Amino acid sequence: MEKAGVGFLKAQDIVDIVASPKMQDMFVQKGISKPSISIKTGHCWLEKLGWTYGKLKNDMYLAGHERSEVVEYRQGFVKQWMGHE
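Residues numbered from 1 in each chain as written. Predicted model: local features only at pLDDT ≥ 70, side-chain atom pairs only at ≥ 80, totals over all residues. Heavy atoms only, no water.

Draft legend 1. Structural detail: the pattern of salt bridges. A complete count under the given rule lists one salt bridge for this structure. Between Glu69 and Arg67 there is a salt bridge, and its shortest N-O distance comes to 2.8 Å. Among the residues examined, Glu69 registers a relative accessible area of 45% and is labelled partly exposed. (Salt bridge = Lys/Arg side-chain N within 4 Å of Asp/Glu carboxyl O. Buried < 20%, exposed > 50% of the residue type's maximum accessible area, 1.4 Å probe, protein only.)

The structure is reproduced here in structure tokens:
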């Protein structure tokens, strides 16, 4: 989720996350031996999680603009902004 905070995640990011020491330690604890995955597998995992890929567009909102904490922040911002008028 740290990497996704910028609005996008690449399949290579998934490959890097799986190969990270922290993730490998978690795999060992669960009895899983998977030192790496392919880029294609990374794409498949992102697809199964509902992520899409393509050219980044300069839209006003990126994925996640309807999350509850984002909506709550925007509502607070609007109230504060209206107080300045």
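Draft legend 2. Here's a closer look at the packing of aromatic side chains. Throughout the structure, instances matching the rule amount to two aromatic pairs. Between Tyr73 and Phe77, the aromatic rings sit 6.5 Å apart at their centres with planes inclined by 25°, giving stacked as the arrangement. Residue Tyr73 and its partner Phe77 are located together in helix H4 (residues 68-84), separated by four residues, close to a single helical turn. Given a relative accessible area of 58%, Tyr73 falls into the exposed group. Its relative accessible area of 44% is what places Phe77 among the partly exposed residues. Judged by centre distance (6.1 Å) and plane angle (20°), the ring pair of Phe77 and Trp81 falls under stacked. With a gap of four residues between them, Phe77 and Trp81 both fall in helix H4, about one helical turn apart. Chaining the aromatic ring pairs together yields one cluster made of Tyr73, Phe77 and Trp81. (Phe/Tyr/Trp six-rings, centres within 6.5 Å; stacked < 30°, edge-to-face > 60°. Helix = DSSP H or I, 4+ residues; strand = E, 2+ residues; numbered from the N terminus.)

These results come straight from atomic positions and should not be treated as a statement about function.
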